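# Structural features, examined
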Amino acid sequence: MERSDHCLDITRETCPMTFVRARLQLDRMASGQVLELRFAGEEPRRNLPRTLREQGYELLEEGEGVLWVRKP
């Protein structure tokens, strides 16, 4: 995956805090920057991509326990 501008480890968080922490980080970022988001568990794997897309963020790539998200 391309280089990310920021990395956030939320592997110890549970839903809904996984999204809250991701959103707080994305809010601090400039448009066009990429966030590498590391998570653990089935619930974030299902919910994070869906919720981020619904909020208008671009999912660039998904891997095992990691998402790369671009802020519009």
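A few points on the structure. (Residues numbered from 1 in each chain as written. Predicted model: local features only at pLDDT ≥ 70, side-chain atom pairs only at ≥ 80, totals over all residues. Heavy atoms only, no water.)

## Some remarks on the overall build of the protein chain
- Looking only at helices and strands, the protein chain features two helices and four strands.
- For the protein chain, the N- to C-terminal ordering of α and β elements is β-α-β-α-β-β.
- Each of the three principal axes of the protein chain carries a C-alpha extent, and together these read 30 × 20 × 20 Å.
- Counting the 72 residues in the protein chain, one finds 39% classified as buried.
- Restricting to contacts in the protein chain with at least 6 residues of sequence separation, those with at least 24 account for 65%.
- Element-wise, carbon and sulfur atoms account for 44% of the exposed surface of the protein chain, whose accessible area totals about 4300 Å².
- With 12 positive and 13 negative side-chain charges, the protein chain shows a separation of 3 Å between the mean positions of the two kinds. (Helix = DSSP H or I, 4+ residues; strand = E, 2+ residues; numbered from the N terminus. Buried < 20%, exposed > 50% of the residue type's maximum accessible area, 1.4 Å probe, protein only. Contact = heavy atoms within 4.5 Å. Areas by Shrake-Rupley, 256 points an atom, 1.4 Å probe, with all protein chains shown as cover. Lys, Arg positive; Asp, Glu negative; His and termini not counted. Charge placed at Lys NZ, Arg CZ, Asp CG, Glu CD.)

## Here we look at the nonpolar core
- Ranked by internal contacts, the top residues of the largest apolar core, which has 15 residues, are L26, L37, L48, L52, L67 and V69.
- Those elements giving two or more residues to this core turn out to be α1 (17–28), β2 (34–38), α2 (42–54) and β4 (66–70).
- In terms of residue count, α1 provides more of this core than any other element does, three residues in total.
- Beyond its immediate chain neighbours, meaning those up to four positions away, L37 contacts L8, I10, A22, L48, L52, G65, V66 and L67. (Core = buried A, V, L, I, M, F, W, Y, C linked by side-chain atoms within 4.5 Å.)

## Quick notes on the environment of L8
- Inspection of the secondary structure puts L8 in strand β1 (residues 6–9).
- Considering only alpha carbons, one finds L8 and Q25, 17 residues apart in sequence, at a separation of 7.7 Å.
- Apart from residues lying up to four places away in sequence, L8 is in contact with R21, A22, Q25, L35, E36, L37 and R38.

## Some thoughts on the pairing of strand β3 (residues 58–63)
- Sheet topology note: the β3/β4 ladder contains five bridges and is antiparallel. Bridging from a neighbouring strand, E62 pairs with L67 of β4.
- The turn joining β3 and β4, which pair antiparallel and follow one another in sequence, is formed by two residues; a positive phi near 75 degrees is taken by G65. (Pairing = 2+ DSSP bridges.)

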